Amino acid sequence: MWPSIITIEKFLDDDDLDTIQESIDAAAFVDGAVSAGGGNLDVKNNREMAAEQPYVEIVKLVERAIRRSLELNFSVFPRAITRAIVNRYDEGMSYGMHIDSPVIGFMAQQQAYGSFGQNYLRSDFSMTVFLTDPASYDGGELTFASPWGSRVYKLPIGSAVIYPTGMPHEVTTVTRGSRLAAILWMQSMIRDHEQRRQVSDLNVLAQELLALDRTSPLALKARDLAANALRLAADV
Ligand SMILES: O=C(O)CCC(=O)C(=O)O
Ligand SMILES: [Fe+2]
C-alpha cells in the first residue's frame, strides 16, 4: 500500500523565509533541464536557482528545518537527502505529469559528480517546500494522480508536502506571477512502507506518553519499545 501524502505546516519559520527571500532576490536562475531525470525532459519547463552563494544559504536552511521537524523525522526516518533544488515557474511554465527517478544519480546525464555510482540515493520520498505566497500566483498546483484520485496541493509559503516518490504528479501551468519551491528527495532508513509505518506509530505513541508524564513506567516502556523497533528496522 502507498504511504500517505504528508503535509507539514510552517516547515520553515518567518526568519527562514526572510533570509530565503533575500537569497531569491539576489539569485540567478538557469534552465531547469539541467536536473531533468529519467526521460522527463520533454515535460519539464521551468527554471532553477544557479549553484551560487544565495542558493547555498537556502540549502542550509532547508536542511536545518529537516533536522528539527519531529513530524518529518518520525514519518520518513531520512537516511540521506539530496541537496535541495530551488525551482521557479514563471507565467506559462509547467511540469507535465511524470514520475521522479527511482534512484537519483543513476543514468543521470547532467549530474555525474564523482566516480561512477557515487552519491546514488534511492528516492523513497519527494518533498516540495513552498516558497511563494499562493495569493501571488495563479495555477502552479502540485497535482497527484494518487490511488485515491486526483489530489491538489497549493500550500501557504513555508509549508511542505512529502509524497512517495513513485506517485505520478505534475505542476500545472502558472498563469499569473511566479511560483518558487525547494524540492528534494529522501532515502528512508526503513525501505518497507508497512514496517516504516509501524515504527512510526510506535515512536509517535511513545512521544505522546512521554509528553503526558516523562517518568511513568508505561511511557518508559513505550520509549524502549519504539527505540528497539527502530534499531531493528533501521538500515544505516
Ligand atoms: O515544483 C514542484 O513542486 C515539484 C517539481 C517536480 O515534480 C520535480 O522537479 O520533479
Ligand atoms: Fe517530480
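Criteria and thresholds
Residues numbered from 1 in each chain as written. Chains lettered and ligands numbered in written order. Predicted model: local features only at pLDDT ≥ 70, side-chain atom pairs only at ≥ 80, totals over all residues. Heavy atoms only, no water. Axes fitted to C-alpha atoms, helices over the stretch in contact; angles between N-to-C directions. Helix = DSSP H or I, 4+ residues; strand = E, 2+ residues; numbered from the N terminus. Parallel < 35°, antiparallel > 145°, perpendicular 65-115°, else oblique. Left-handed = near helix turned anticlockwise from the far one by under 90°. Contact = heavy atoms within 4.5 Å. Domains from an automatic or database assignment. Buried area = accessible area lost by both parts, 1.4 Å probe. Salt bridge = Lys/Arg side-chain N within 4 Å of Asp/Glu carboxyl O. Polar contact = N/O pair within 3.5 Å; in protein donor to acceptor, adjacent residues only side chain to side chain. Near = heavy atom within 4 Å. Areas by Shrake-Rupley, 256 points an atom, 1.4 Å probe, with all protein chains shown as cover. Nonpolar A, V, L, I, M, F, W, Y, C, P; charged D, E, K, R; others polar. Phe/Tyr/Trp six-rings, centres within 6.5 Å; stacked < 30°, edge-to-face > 60°. Buried < 20%, exposed > 50% of the residue type's maximum accessible area, 1.4 Å probe, protein only. Lys NZ or Arg CZ within 6 Å of the ring centre and 35° of its normal. Core = buried A, V, L, I, M, F, W, Y, C linked by side-chain atoms within 4.5 Å.

**Q** Got a sec to walk through the packing of helix α4 (residues 193-212) against helix α5 (residues 217-233)? Specific residues and values, please.
**A** The N-to-C vectors of α4 and α5 enclose an angle of 155°; their axes lie 8 Å apart at closest approach. In terms of their interaxial angle, α4 and α5 are classed as roughly antiparallel. Where α4 crosses over α5, the two elements pack in a sense that is left-handed. Contacts between α4 and α5 involve Gln 195, Val 199, Leu 202, Asn 203, Ala 206, Leu 209 and Leu 210 from the first element and Leu 218, Ala 219, Leu 220, Ala 222, Arg 223, Leu 225, Ala 226, Ala 229, Leu 230 and Ala 233 from the second.

**Q** Before we move on, can you summarise the domain arrangement of the protein with the specific residues and values?
**A** As far as domains go, the protein holds domain 1 (6-188) and domain 2 (193-233). Relative placement of domain 1 and domain 2: their C-alpha centres are 31 Å apart. Between domain 1 and domain 2, the contact holds seven residues from the first and seven residues from the second. Carbon and sulfur atoms make up 71% of the area that domain 1 and domain 2 hide from each other, which totals about 610 Å². If you look at where domain 1 meets domain 2, you find zero salt bridges. The tally of links from domain 1 across to domain 2 stands at two residue pairs in polar contact (both at pLDDT 80 or more). It is helix α3 (residues 70-76) that contributes the most residues to the side of domain 1 that touches domain 2, four residues altogether.

**Q** Break down the site of ligand 1 for me, with residues and values.
**A** The environment of ligand 1 is formed by Asn 87, Tyr 89, Tyr 95, His 98, Asp 100, Thr 128, Leu 142, His 169, Val 171, Arg 179, Ile 183 and Trp 185. Taking Asn 87, its side chain carries an N or O atom lying 3.0 Å from an oxygen atom of ligand 1. Between ligand 1 and the protein, one listed contact pairs an oxygen atom with a side-chain N or O atom of His 169 at 2.9 Å. Against a free-state accessible area of 290 Å², the protein chains account for coverage of 97% of ligand 1. For the shell around ligand 1, the secondary structure elements donating two or more residues are β6 (85-89), β7 (94-98), β15 (169-171) and β17 (179-188). Looking at which element gives the most residues to the shell around ligand 1, the answer is β17, with three residues. Taken together, the residues that form the shell around ligand 1 break down as six nonpolar, four polar and two charged.

**Q** Let's hear about the packing of aromatic side chains: which residues, and what values?
**A** On inspection of all chains with the given rule, the structure shows five aromatic pairs. Ring plane angle 40° and centroid distance 6.1 Å describe the contact between Phe 74 and Phe 77, whose orientation is recorded as tilted. Summarising the aromatic geometry, the rings of Phe 144 and Tyr 153 are spaced 5.6 Å apart at their centres and angled 75° between planes, so their arrangement reads as edge-to-face. Residues Phe 144 and Tyr 153 agree in their burial class; the two are buried. An aromatic cluster is built from Phe 106, Phe 116 and Tyr 120, whose rings are joined through pairwise contacts. Of note, Lys 154 hangs over the ring of Tyr 137, and the distance from its end group to the ring centre comes to 4.4 Å.

**Q** Would you mind going over the nonpolar core in detail, with residue names and values included?
**A** Counting 31 residues, the largest nonpolar core has Phe 11, Leu 72, Met 127, Leu 131 and Ile 162 as its most contacted members. For this core, the secondary-structure elements that each account for two or more residues are β1 (6-8), α1 (14-26), α2 (53-68), α3, β10 (125-130), β14 (160-164) and β17. With seven residues, α2 is the single largest residue contributor to this core. Beyond its immediate sequence surroundings of up to four residues, Met 127 is in contact with Phe 11, Leu 72, Ala 160, Val 161, Ile 162, Tyr 163, Ala 182, Ile 183, Leu 184 and Met 186. Among the nonpolar cores identified, the runner-up in size contains 15 residues, and Tyr 89, Tyr 95, Tyr 163 and Met 167 belong to it.

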